[in-house]
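Chain and residue survey
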Amino acid sequence: MSEEVLKDLKDLGAATEAADGAGEPVEAPERKPIIDEHGRAYATGKRKNAIARVWIKPGSGRITVNGRDQETYFARPTLRLILNQPFVVAGRVNQYDVVATVKGGGLSGQAGAVKHGIAKALQNYEPELRAPLKAAGLLTRDARVVERKKYGKHKARRSPQFSKR
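The structure contained in this document is the topic of the report that follows. Every value quoted in this text rests on a predicted model; they were computed, and no experiment measured them.

The next subject is unusual backbone geometry. Phi angles above zero are rare outside glycine, and lysine 48 is one such case at about 50°. As for its position among the elements, lysine 48 is in the loop between β1 (41-47) and β2 (50-58). Note on lysine 48: relative accessible area 38%, which makes it partly exposed. The backbone of asparagine 66 sits at a positive phi, close to 50°, despite the residue not being glycine. Within the secondary structure, asparagine 66 sits in the loop between β3 (63-65) and β4 (68-69).

Listed below in structure tokens is the structure:
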């Protein structure tokens with residue numbers, strides 16, 4: 001019986017190679033830049049409960065978040081490093097201006113949301129950057145969110161202190 005199955009699978013492989021055109025690999029359609037009438041690329045980034053709307057355009061590297069400069073909005077240097085990650089991976093440091101509006105969450109989640117939005121907008125502006133950005137994991141939304149509190153517990157998992165008597 002197993003010999004019959006193997007023979008059927010070989011026939012299936014030969015049929016698919018013939019359909020593809022003599023066994024040549026099928027190429028994906030070429031991606032085109034998605035740019036609006038103002039010469040900007042747009043993307044939405046998300047992290048925890050924060051949602052960022054991000055526009056990028058060629059410029060000197062200014063990053064504006066909710067109308068304020070990145071140094072004033074994200075005071076911690078680690079958060080500013082998070083924002084610049086997509087540019088470092090793509091090799092485009094100080095080549096794009098970023099305008100972002102962020103809602104919800106805390107500063108850490110907002111920085112992650114802006115990073116996600118910048119990476120997606122870079123991919124929309126220059127589709128050939130998709131491979132390095134995807135390899136670095138910047139196009140994937142980080143799905144980790146806070147676990148809900150359960151009844152009978154102090155927090156999500158913290159139980160009341162056990163009393164023997």
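Let us look at the packing of helix α3 (residues 77-90) against helix α4 (residues 107-125). At a closest axis distance of 8 Å, the pairing of α3 and α4 adopts a crossing angle of 15°. The angle between α3 and α4 falls in the class roughly parallel. As α3 packs across α4, the resulting crossing turns out to be right-handed. Counted together, Leu79, Ile82, Leu83, Gln85, Pro86, Phe87 and Ala90 of α3 and Leu107, Ser108, Ala111, Gly112, Val114, Lys115, Ile118, Ala119 and Leu122 of α4 form the full contact between these two elements.

Our focus in this paragraph is the layout of surface pockets. By volume, the largest pocket is sized at about 190 Å³. If you go around the largest pocket, the residues you meet are Lys46, Arg47, Ile82, Ser108, Gly112, Lys115, His116, Gly137, Leu138, Thr140, Asp142 and Arg144. If you list the elements that add at least two residues to the lining of the largest pocket, you get β1 and α4. No other element matches the 4 residues that α4 contributes to the lining of the largest pocket. Looking at the lining of the largest pocket residue by residue, the classes come out as 2 nonpolar, 5 polar and 5 charged.

Pairing within the open sheet is mixed, and its 5 strands lie in the order β1-β2-β5-β3-β4. Both outer strands of the open sheet, β1 and β4, are each paired with one neighbouring strand and no more. Where β2 lies against strand β5 (residues 96-103), 8 bridges are found, and the strand directions are antiparallel. Paired with alanine 52 across the strands is valine 102, a residue of β5.

Scoring rules and cut-offs
Residues numbered from 1 in each chain as written. Predicted model: local features only at pLDDT ≥ 70, side-chain atom pairs only at ≥ 80, totals over all residues. Heavy atoms only, no water. Helix = DSSP H or I, 4+ residues; strand = E, 2+ residues; numbered from the N terminus. Buried < 20%, exposed > 50% of the residue type's maximum accessible area, 1.4 Å probe, protein only. Axes fitted to C-alpha atoms, helices over the stretch in contact; angles between N-to-C directions. Parallel < 35°, antiparallel > 145°, perpendicular 65-115°, else oblique. Left-handed = near helix turned anticlockwise from the far one by under 90°. Contact = heavy atoms within 4.5 Å. 1 Å grid on protein atoms, 1.4 Å probe; cavity = no way out; pocket = protein on both sides within 12 Å on 5 of 7 lines; lining within 4 Å. Points joined across faces, edges and corners; volume = space filled by probe spheres on them. Nonpolar A, V, L, I, M, F, W, Y, C, P; charged D, E, K, R; others polar. Pairing = 2+ DSSP bridges.

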